[in-house]
Amino acid sequence: MAEWTHHYARINGLDMHYVEQGTGPLVILAHGFPHSWFSWRHQIPVIAAAGFRAVAFDLRGMAGTTGPDDPAGYDVNHTVGDLIGLLDHLGEERAVFIGLDFGLFSIYDLAYHHPERMHAIIGLGNPAWPHDPARSPLTEAADMARQHFYHIHYFVDQPGVAEAALDAAPREFLKRVFYALSGDFHYIDVWQHPPGTPYLEALPEAPPLPWPWLSELELEFFVEAYARRGFRGGLNWYRAMDLRWEQRRRFEGVPNPVPFYFLTSENDTDMEAFHGEDPLAQLPRQYSDLRRVEVLPRAGHMLQMERAPEVSAIIAQCLQDLKTRGDIPECPEWRRLRISGPGQTQKKCRARLLRARP
């Protein structure tokens, strides 16, 4: 923690919070819901030690970053604008992007709109957008909710109801949902509850902390952030799903052009329920430059926390692979920069990186 630097900046109309460690080529980490930058606490120092500048930020409307009350402010244009704005604020032309869940979906959007701003993508848990070209996601959610409890419909059906319930019990909600999404529980079992069940009642009772991958103190980082910010911003990401679905339609069937590395787990509920039949088999059609696929055992959708050492090691290997292939141009001055700190060296190296762009 002593080497983390916290920053707040005005970016794309938001007061954005991000955490930084290390020097070198930029790596940006984007979380999902209901997470925060702290979800990447294990990976940040490993990335920095590998000779990179790790930046983990809070997504719009979540944890330490502000967000609009109107769900229209969470469409593709706004969320891609956040990534571009963060790059520009950090003074970098390109970065490696690592993401999970909503953060990763925004990274996929960036790859279609501005691939020139990316070295590569390292995706966790979600191989692509969960996209049905024939039916919008909120239409699908409403259909499913007529049969059983379905969290997406609960979040969007009556704006104000879900956030009131979650804001009143942030610790209980976060503890239950983190456990339910982990490899220690089969998340889809919450669908056994009837339509209209409140989410807190549908979620399982969580065992006492500490767990092998989460302590009381670590949970408190998330609880404090959402107790202060509230859950509305996170829920607005769901409420904007149809907007983003419509904006993505023109890329249907177009392979993602950015070099892609993918990590998932054998018990990830998103892989089981939200990406169709055999999602790993679809990857070669979805990516024009698929580099690596890893499936880790005994973990769920909280992969970067549940299997932190393995995930961190694989990320470091992917970053080294990018250097070896020349996707991230080598710049000897970065080594001196890590010792001497930022200054003219950083400016010279950044100029060299820009000249090396294809």
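All of these numbers come straight from a predicted model, not from anything done at the bench. (Residues numbered from 1 in each chain as written. Predicted model: local features only at pLDDT ≥ 70, side-chain atom pairs only at ≥ 80, totals over all residues. Heavy atoms only, no water.)

> Give a description of helix α10 (residues 232-239) that names residues and reports values.
Within α10, seven of the eight residues are buried, which leaves the element mostly enclosed by the surrounding structure. Those residues of α10 lying buried are Gly233, Gly234, Leu235, Asn236, Trp237, Tyr238 and Arg239. Among the structural elements, α2 (76-90), α3 (101-113), α4 (137-145), α5 (151-157), α6 (161-167) and α11 (241-248) are those in contact with the buried residues of α10. (Buried < 20%, exposed > 50% of the residue type's maximum accessible area, 1.4 Å probe, protein only. Helix = DSSP H or I, 4+ residues; strand = E, 2+ residues; numbered from the N terminus. Contact = heavy atoms within 4.5 Å.)

> How would you sum up the pattern of salt bridges? Please name residues and give values.
Evaluated as defined, the whole model comprises 25 salt bridges. Asp143 is the salt-bridge partner of Arg135, the closest N and O atoms lying 2.8 Å from each other. In this structure, Arg228 and Glu224 form a salt bridge, with 2.9 Å as the shortest nitrogen-oxygen distance. Here the residue Arg228 and the residue Glu224 both occupy positions in helix α9 (residues 216-229), the gap between them amounting to four residues, near one helical turn. Within this structure, Asp289, Arg291, Asp321, Arg325 and Asp327 form a network of salt bridges that share partners. (Salt bridge = Lys/Arg side-chain N within 4 Å of Asp/Glu carboxyl O.)

> Lay out the sheet that holds strand β1 (residues 5-11) with the relevant residues and their values.
With respect to topology, eight strands assemble into an open sheet ordered β1-β2-β4-β3-β5-β6-β7-β8, the strand pairing being mixed. Since the sheet does not close on itself, it has two edges, and those belong to β1 and β8 (290-296), each with one partner. This sheet shows a mean twist of 20 degrees between the axes of neighbouring strands, independent of strand direction. Of the pairings in the sheet, the one linking strand β7 (residues 260-265) to β8 comprises six bridges and is parallel in character. Opposite Ser265, over in β8, you have Leu296 as the bridge partner. (Pairing = 2+ DSSP bridges. Axes fitted to C-alpha atoms, helices over the stretch in contact; angles between N-to-C directions.)

> Summarise the pairing of β1; cite the residues concerned and give the values.
Note that β1 and strand β2 (residues 14-21) share seven bridges and pair antiparallel. Paired with His6 across the strands is Val19, a residue of β2. Here β1 folds back onto β2 in antiparallel fashion, the turn holding two residues, of which Asn12 has a positive phi close to 55 degrees.

> Describe the confidence of the model for the protein, with residues and values.
Here the protein averages 92 in pLDDT, while 91% of its residues score no lower than 70. Low pLDDT, under 50, characterises residues 334-348; the stretch is placed with 19 contacts to residues that sit more than four places away or in other chains. Contacts for the low-pLDDT stretch residues 350-358, under 50 throughout, to residues beyond four places or in other chains number 15 contacts. (pLDDT = per-residue confidence, 0-100.)

> If you had to explain a nonpolar patch on the surface to someone new, which residues and values would you point to?
A surface patch of nonpolar side chains, amounting to about 190 Å² of accessible area, comprises Leu290, Val293 and Val295. By the element assignment, Val293 lies in strand β8. Residue classification places Val293 among the partly exposed positions, given a relative accessible area of 36%. (Patch = residues over 30% accessible without salt bridge, like charges linked within 9 Å, V, L, I, M, F, W, Y side chains within 5 Å. Areas by Shrake-Rupley, 256 points an atom, 1.4 Å probe, with all protein chains shown as cover.)

> Please give an account of the packing of aromatic side chains that cites residues and values.
Scanning all chains against the criterion turns up 34 aromatic pairs. Here the basic side chain of Arg60 rests over the ring of Tyr74, its NZ or CZ set 5.9 Å away from the ring centre. (Phe/Tyr/Trp six-rings, centres within 6.5 Å; stacked < 30°, edge-to-face > 60°. Lys NZ or Arg CZ within 6 Å of the ring centre and 35° of its normal.)

> Please set out the packing of helix α7 (residues 170-181) against α9 residue by residue, giving values where relevant.
Packed helices, taken two at a time, are described by the angle their axes make and the gap between the axes. Their axes nearest at 9 Å, the elements α7 and α9 cross at an angle of 130 degrees. Accordingly, the angle class assigned to the pair α7 and α9 is oblique. Where α7 crosses over α9, the two elements pack in a sense that is right-handed. Across the interface between the two elements, Pro170, Arg171, Leu174, Lys175 and Phe178 from α7 touch Leu219, Glu220, Phe222, Val223, Tyr226 and Ala227 from α9. For the contact of α7 with α9, the residue count by class is eight nonpolar, no polar and three charged. (Parallel < 35°, antiparallel > 145°, perpendicular 65-115°, else oblique. Left-handed = near helix turned anticlockwise from the far one by under 90°. Nonpolar A, V, L, I, M, F, W, Y, C, P; charged D, E, K, R; others polar.)

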